[in-house]
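# Commentary on secondary and tertiary structure
The residues making up each chain are set out below.
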Amino acid sequence: MPLIDDWRDKHPRSQSRGRVVLYIFLLIMVLVFILKADSLVRGFTGIFFSPDTASATEE
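Let us look at the structure shown here. Source: prediction; values computed, not measured.

This paragraph deals with the packing of aromatic side chains. Scanning the model with the defined rule gives two aromatic pairs in all. Seen in terms of ring centroids, Phe-44 and Phe-48 are 4.7 Å apart; in terms of plane orientation they differ by 45°. Their pairing is tilted. Taken together, the residues Phe-44 and Phe-48, both in helix H3 (residues 37-48) and four residues apart, mark about one turn of the helix. Judged by its relative accessible area of 46%, Phe-44 is partly exposed. According to the relative accessible area criterion, Phe-48 is exposed, its value standing at 51%. Between Phe-44 and Phe-49 the ring centres are 6.4 Å apart and the planes differ by 70°, which places this aromatic pair in the edge-to-face class. When its relative accessible area of 60% is taken as the criterion, Phe-49 is described as exposed. Taken together, Phe-44, Phe-48 and Phe-49 form an aromatic cluster joined through their ring pairs.

Shown next, in the form of structure tokens:
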């Protein structure tokens with residue numbers, strides 16, 4: 001028996017359609033985060049580094 005046939009017998013092909021959908025979803029999420037990074041950073045700095053906090057630490 002050739003090696004490739006032995007491998008296929010031990011490791012049958014499974015339907016990986018769900019895995020492909022997951023990878024496509026993750027790719028779309030990464031692209032959205034890249035495109036919206038500017039607004040995300042502004043929101044983060046607005047929450048944690050508000051102007052009131054900065055002036056209180058200087059005094």
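Taken together, the side chains of Leu-22, Tyr-23, Phe-25, Leu-26, Met-29, Phe-33 and Leu-40 define a hydrophobic patch exposed on the protein surface, amounting to about 690 Å² of accessible area. For Phe-25, a relative accessible area of 47% puts it in the partly exposed group.

The next subject is the pattern of salt bridges. Counting across every chain of the model gives two salt bridges. Residue Lys-10 is joined to Asp-6 by a salt bridge in which the shortest nitrogen-to-oxygen separation is 3.6 Å. With a gap of four residues between them, Lys-10 and Asp-6 both fall in helix H1 (residues 3-10), about one helical turn apart. Judged by relative accessible area, Lys-10 falls into the exposed class, the value being 59%. According to the relative accessible area criterion, Asp-6 is partly exposed, its value standing at 26%.

Conventions and cut-offs
Every residue gets a number counted from 1 within its own chain, in the order that chain's sequence is written. For this predicted model, a pLDDT threshold of at least 70 governs which residues receive local features, and a threshold of 80 or more governs which side-chain atom pairs are given and counted, while totals over whole chains, interfaces and linings are taken from all residues. Derived side-chain values reflect all non-hydrogen atoms in the structure, with water molecules and hydrogen atoms excluded from consideration. Here a pair means two rings of Phe, Tyr or Trp (six-membered ring of Trp) with centres within 6.5 Å. Their orientation is stacked below 30 degrees between planes, edge-to-face above 60, and tilted elsewhere. For the purposes of this entry, the term helix denotes a DSSP run of H or I that reaches at least four residues, the term strand denotes a run of E that reaches at least two, and both are numbered from the N terminus. Note on classification: 1.4 Å probe, protein chains only; a residue is buried when its accessible area is under 20% of the maximum for its type, exposed when over 50%, partly exposed between these limits. In this analysis, a patch consists of residues with relative accessible area above 30% that form no salt bridge, clustered at 9 Å for like charges and at 5 Å for the nonpolar side chains Val, Leu, Ile, Met, Phe, Trp and Tyr. All accessibility values rest on the Shrake-Rupley procedure with a 1.4 Å probe; residue burial counts only the protein chains present in the view. Put simply, a salt bridge is a Lys or Arg side-chain nitrogen that is within 4 Å of an Asp or Glu carboxyl oxygen.

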